[in-house]
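# Chains, contacts and geometry: an overview
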Amino acid sequence: MNFVEELRWRGMLQDIMPGTEDLLNKEKVSGYIGFDPTGDSLHVGHLTQIMTLIHFQNAGHKPVALVGGATGMIGDPSFKSAERNLLDEATLQHNVNSLKNQLGKFLTFGDGENDAKMVNNYDWFKDFSFLDFIRDVGKLITVNYMMSKDSVKKRLEGDNGLSFTEFTYQLIQGYDFYYLWKHHNCKIQMGGSDQWGNIVTGSEMIRRQDQGTAYALTTQLIKKSDGQKFGKTESGAIWLDPKKTSPFKYYQFWLNATDDDAKNWINIFTLRSKEELEAIIAEHDAAPHLRTVQKALAKDITIRTHSEEAYETAVKTSEFLFGNGSLEFLANLEHDAVLEVFEGVPQFIIRKDELSQGINILDLLATKAQVFASKGEAKKMLAGGGVSLNKIKLSDIEQNVTTADLINNKYLVAQKGKKNYFLIIAE
């Protein structure tokens, strides 16, 4: 497998330093990508770099994931309009540990020649004094060179300016590359196209300090076809942590992609071959309403990020909410996960001891839970066959509901019409 060619045909490659492709084709190389631990979870915006490392490993090379415990204390100014809040050491360590666990789902870590390795730049910066740093590292790069970077220029031209703290960021990231080149034989640094300036600062340090040669490669920044930022929704970022973004919402994010976006993203975020992808797209184009590309994309990336079981639950949840799926899948969900499924759905709490004695269906739907504004309205809709409880259509206004009807001994799911759901919780 040709790593660079793989990125190229998938539409991922942006910039590449001369000689990089030749190096990767003639020998097995260690290369790294940095991840910023400003939060305790990665999000879909990080997936391009994760996929880059996966392809790198699949091509026989050794991926190194750098978690920036030191750089995370400063924050990269690239494409930021203002300086970010600095995090304390305890928070950063928590975030670093969380990111390590997440990356372990995508890469094979170990001590083998081709196994991925995790490093934390805090390990080599924690005992590096300020005086030693400006003496040994600061002398390698001129201010003129640093000022020429687009990330610096844009901040200097903006209203918020650029602090000295952020100005030194490229020196620190550049030293990361030098340290990994010298101590871990990392010959290439990769990243998003916004990192090109920081990456070549590192290769320049390697050249000036040890007359060494290092290489660089960047990937395209992913955007939606309408120009909006990839990975952002009205409710915020799409996280890889299931506690922050449920597998159902994660699955829905990919499933709801436009045709143009899905055809682009399935190249980038799956490991399917060119021939497989061409076949999927051809099948989709023959019947676009079936959303074949979106379903294949959502399945692949949901399983890789979470699990086969999480994917199956997401599909069953979707079938329940938007189709004629059953409620059986709820039996395998924790309470918080059930609430996630019914987020945005009106929820009511009733007393389980009252339900054990039986509650008339009209009282339940119009008094105990305000599914209907009045018993008269509930009666009329029941007679018309427009009411379901736990996916079973109701018609008998004399029917009593008891604890025997509860799902998981806790829930009743009422439905008014086809799409109006209500969750009743018995406590």
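Read on for a plain summary of the structure. Note that the coordinates shown come from a computational prediction; the quantities given were computed from them, not determined experimentally.

What the rule picks out here adds up to 17 salt bridges. Across the pair Glu5 and Arg8 runs a salt bridge whose closest N-O atoms are separated by 3.0 Å. With Glu5 and Arg8 both in helix 1 (residues 3-9), this residue pair falls 3 residues apart, about one helical turn. Residue Glu5 is classed as partly exposed on the basis of its relative accessible area of 35%. The class for Arg8 is partly exposed, based on a relative accessible area of 38%. With a shortest N-O distance of 2.9 Å, Arg10 and Glu6 are connected by a salt bridge.

Evaluated as defined, the whole model comprises 21 aromatic pairs. Measuring from ring centre to ring centre gives 5.4 Å for Phe128 and Tyr175, while their planes differ by 65°; the resulting arrangement is edge-to-face. You can see Phe128 sitting in the loop between helix 5 (122-125) and helix 6 (130-136) and its partner Tyr175 sitting in helix 10 (residues 169-184), a full 47 residues away along the chain. Classification of Tyr175 by relative accessible area gives buried; the value is 15%.

Here we come to the nonpolar core. Counting residues in hydrophobic clusters, the biggest one holds 57 residues, and the most contacted among them are Leu47, Trp254 and Phe269. Here the element with the most residues in this core is helix 3 (residues 47-58); it accounts for 6 residues. For Trp254, the contacting residues outside a window of four places in its chain are Val44, Leu47, Phe230, Trp265, Phe269, Gln294, Leu297, Ala298 and Ile301. One finds Met17, Val119, Val152 and Leu171 within the second-largest nonpolar core, a separate group that totals 31 residues.

Calculation rules
Starting from 1, residues in each chain are numbered consecutively following that chain's sequence as written. Per-residue local features are limited, in this predicted model, to residues with pLDDT of at least 70; the limit for side-chain atom pairs, both in listing and counting, is 80 or more; totals at the level of whole chains, interfaces and linings are taken over all residues. Each side-chain value is derived from all of the structure's non-hydrogen atoms; neither hydrogens nor water enter the calculation. Only one rule defines a salt bridge in this text: a Lys or Arg side-chain nitrogen within 4 Å of an Asp or Glu carboxyl oxygen. Put simply, DSSP H or I for four residues or longer makes a helix, DSSP E for two residues or longer makes a strand, and each gets a number counted from the N terminus. In this scheme, a residue with accessible area under 20% of its type's maximum is buried, one over 50% is exposed, and one in between is partly exposed, where area comes from a 1.4 Å probe on protein chains only. Note on aromatic contacts: the rings of Phe and Tyr and the six-membered ring of Trp form a pair at centre separations within 6.5 Å, being stacked when their planes are under 30 degrees apart, edge-to-face when over 60 apart, and tilted otherwise. Put simply, a nonpolar core is a bunch of buried Ala, Val, Leu, Ile, Met, Phe, Trp, Tyr and Cys residues held in one set by side-chain atoms that sit within 4.5 Å of each other. Whether two residues touch is decided by their heavy atoms; if any such pair falls within 4.5 Å, the residues are in contact.

Nothing here speaks to function; it is geometry throughout.
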